[in-house]
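What follows is the residue order along each chain.
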Amino acid sequence: MQVKPYPTELVKENSSSLRKEILHHIGMMEHAIQTGTTHNDSLFMGKLGLSLYHYSCFEYTGSEEHIEKGRLHLDEVFLRFNESGSSLLNPSLSTGLAGFMSLLNFLSKKQYIYQDLQEFEEIDKFLLKQALHQADHDFNDYLHGSFGVLNYFLDRLPDPAIQLHAECLLEAILKNIIHTKDGCWIRNYIIAKEETSEMNLSLSHGQTGFILVLLKAFEQGLLYDKMHDTIRSMVGLVLKQTMTTDPENNRHSIFPNTVHEATREKTYNNRLAWCYGDLNQAFMLYKVGSAFGIQQYIEIADLVGACSLDRLDAASTMCVDAQFCHGAAGIASMYQSLFAVSGRSFYEKAANAWIQKTIHFLEEGKLNLDFSEKELSLLDGYPAVSLVLLDAVYPNKGDWKEFFLIN
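Predicted, not measured: the structure shown is a model, and the values here were computed from it. (Residues numbered from 1 in each chain as written. Predicted model: local features only at pLDDT ≥ 70, side-chain atom pairs only at ≥ 80, totals over all residues. Heavy atoms only, no water.)

A. Molecular detail of the overall build of the chain. Looking only at helices and strands, the chain has 15 helices and five strands in total. Taken over C-alpha atoms, the radius of gyration comes to 20 Å for the chain, in line with the 22 Å a tight globule of 407 residues would show. Based on the C-alpha atoms only, the size of the chain along its principal axes is roughly 60 × 55 × 35 Å. Burial statistics for the chain: of 407 residues in total, 58% are counted as buried. The long-range share in the chain, meaning contacts at least 24 apart out of those at least 6 apart in sequence, stands at 67%. When the accessible surface of the chain is summed, it comes to about 16,700 Å², and 50% of that surface belongs to carbon and sulfur atoms. Here the chain carries 34 positive and 51 negative side-chain charges, and the mean point of each set is 3 Å from the other. (Helix = DSSP H or I, 4+ residues; strand = E, 2+ residues; numbered from the N terminus. Rg over C-alpha atoms; globule rule 2.2 N^0.38 Å. Buried < 20%, exposed > 50% of the residue type's maximum accessible area, 1.4 Å probe, protein only. Contact = heavy atoms within 4.5 Å. Areas by Shrake-Rupley, 256 points an atom, 1.4 Å probe, with all protein chains shown as cover. Lys, Arg positive; Asp, Glu negative; His and termini not counted. Charge placed at Lys NZ, Arg CZ, Asp CG, Glu CD.)

B. Seen up close, the side chain of Ser-377. Along the polypeptide, Ser-377 turns up in the loop between helix H14 (345–363) and helix H15 (382–393). Among the polar contacts made by the side chain of Ser-377, one reaches the main-chain carbonyl oxygen of Phe-44 at a distance of 2.8 Å. One polar contact links the side chain of Ser-377 to the main-chain amide nitrogen of Leu-379, over a distance of 3.2 Å. Every residue in contact with Ser-377, bar those within four places of it in the chain, is listed here: Phe-44, Met-45, Tyr-382 and Pro-383. (Polar contact = N/O pair within 3.5 Å; in protein donor to acceptor, adjacent residues only side chain to side chain.)

C. Fine view of empty space enclosed by the protein. In total, this model carries one cavity of 30 Å³ or more according to the counting rule given. Computed from the structure, the largest cavity encloses a volume of approximately 40 Å³. Among the residues making up the lining of the largest cavity, the classes are represented as four nonpolar, four polar and one charged. (1 Å grid on protein atoms, 1.4 Å probe; cavity = no way out; pocket = protein on both sides within 12 Å on 5 of 7 lines; lining within 4 Å. Points joined across faces, edges and corners; volume = space filled by probe spheres on them. Nonpolar A, V, L, I, M, F, W, Y, C, P; charged D, E, K, R; others polar.)

D. Representation of the state of the cysteines in the model. Throughout the structure, instances matching the rule amount to zero disulfides. For Cys-275, which is in no disulfide, the shortest distance to another cysteine sulfur is to Cys-325 and amounts to 4.0 Å. You can call Cys-275 buried: its relative accessible area is 5%. (Disulfide = S-S within 2.5 Å.)

E. A look at the confidence of the model for the chain. When pLDDT is averaged across the chain, the result is 94; 97% of the residues are at 70 or more. Scored below 50 in pLDDT, residues 1–13 shows 28 contacts in the model against residues more than four places distant or in partner chains. (pLDDT = per-residue confidence, 0-100.)

F. Region of interest: the packing of H14 against H15. One can describe the packing of H14 onto H15 by two numbers: an axis separation of 11 Å at closest approach and a directional angle of 140°. Between H14 and H15, the interaxial angle falls into the category oblique. The element H14 and its partner H15 pack so that their crossing is left-handed. Taken together, the residues of H15 that come into contact with H14 (itself represented by Ile-355, Thr-358 and Leu-362) are Tyr-382, Val-385, Val-388, Leu-389 and Ala-392. (Axes fitted to C-alpha atoms, helices over the stretch in contact; angles between N-to-C directions. Parallel < 35°, antiparallel > 145°, perpendicular 65-115°, else oblique. Left-handed = near helix turned anticlockwise from the far one by under 90°.)

G. Expanded view of the sheet that holds strand S3 (residues 198–200). A sheet is described by the order of its strands in space; here three strands give the open sequence S3-S4-S5, paired in antiparallel fashion. Both edges of this open sheet fall to S3 and strand S5 (266–267), since each of them pairs with a single strand only. (Pairing = 2+ DSSP bridges.)

H. Structural context of the layout of surface pockets. In this structure, the largest pocket encloses a volume near 470 Å³. Broken down by element, the residue count for the lining of the largest pocket peaks at five residues, all from helix H13 (residues 328–342).

I. Structural context of helix H2 (residues 47–61). Look at H2: 21 Å from first C-alpha to last across 15 residues, which is about the 21 Å you get at 1.5 Å a residue. When you tally the buried positions in H2, you get 14 out of 15 residues, the bulk of the element. Taken from the residues just after H2, Gly-62 is the one with a positive phi, measuring 80°. (Expected span 1.5 Å × (residues − 1).)

J. Just the packing of aromatic side chains, in detail. Summed over all chains, the structure comprises 21 aromatic pairs. Judged by centre distance (5.5 Å) and plane angle (70°), the rings of Phe-78 and Phe-100 are edge-to-face. Of this pair, Phe-78 sits in helix H3 (residues 64–82) while Phe-100 sits in helix H4 (residues 97–109); the two residues are 22 residues apart in sequence, bridging distant segments of the chain. Among the aromatic residues, those joined into a ring-pair cluster are Phe-44, Trp-274, Phe-324, Trp-400 and Phe-404. Between the NZ or CZ atom of Lys-357 and the centre of the ring of Trp-354, over which it lies, the distance is 5.3 Å. (Phe/Tyr/Trp six-rings, centres within 6.5 Å; stacked < 30°, edge-to-face > 60°. Lys NZ or Arg CZ within 6 Å of the ring centre and 35° of its normal.)

K. The arrangement of H3 in detail. For H3, built from 19 residues, the straight-helix expectation of 27 Å at 1.5 Å per residue is met to within 8% by its first-to-last C-alpha distance of 27 Å. Listed in full, the buried residues belonging to H3 are His-66, Ile-67, Lys-69, Gly-70, His-73, Leu-74, Val-77 and Phe-78. In this structure, the buried side of H3 is in contact with helix H1 (16–35), H2 and H4. Positive phi appears at Ser-84, one or two residues downstream of H3, with a value of about 60°.

L. Spatial organisation of the environment of Glu-348. Position of Glu-348 relative to the elements: it lies in helix H14. For the pair Glu-348 and Tyr-189, spaced 159 residues apart in sequence, the C-alpha to C-alpha distance is 34 Å.

Laid out in structure tokens, this is it:
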């Protein structure tokens, strides 16, 4: 497939001067993280996220100091947990026990900590019970609902007891799947139950993220035939939702955010980000296309990804700050992951361009224009932004992106 070349005049080469500039901003963010305080324990908002940040910094830099800091944050969470003062009393990946257990599993596999996870058997049972309840009520969110728990269980395999949990939860989720003539989809809501009538296409809250988690189940052999057919059907329905772009009238996105179940009305904006937008679907299509050997998916991903390359301003991306969730660092990270999964050189150039835009926003003091008080949040603050910049300097050394489904 022929794609137009990336606008190279907008890309400064990854030279030694750019490397120095990146490292300078990493140092500035490290200082802000070190001097800041948070009383939140969670993975995406608090101390567990800071622990992941420091262990990941060690992977990039080899600095033993980061190992010590990562362990310190983890010890503080354990202390509050043992004293019954923890805020991690819900099953959420983002703010609760699924995030806690996911990080322990991640660090144990890397042998950064030595923790027998079978000691947390009761927490695993609690997570299964809560996730089954969530699935039964269509609360399937990746960040907050049943899919965050499912992703944790899949990362624990091949533990036999956890495999039973994962298969039980998968069956519960698939039991309520919606079948249409064009394919199937999974309900979810973020705030209000009424949202279950909207088919959300995003990575963070919708079908793209669900497909990526189900793909992990498929690749590990769980409910193999059922997973294969379900994923194919879900991808087919997502592809049915494409829209005609019209850049002259500021319509840049190929995929909508949501589609109403009954009216088929689509909600639309130009978001380009980690959480929502066309880069979500491009990444998912590469992953599924590669796993299933479907060249058509890869070619569509090439087209969707290439069509995003000229989108560099706020009007065409809705990007106005540096943060990870829906800021410049998240876009840079998506392009880094798209390059890693596809090998297409235009993604590497795009990632460099968005690294520079991230630096520009940081220089303007625009970390997060939505939440100024979340500087220590992994999702919304300095830690993930710093990790994205580290990934630009030391490519392919950190595995933290698996928590964001873009590894």
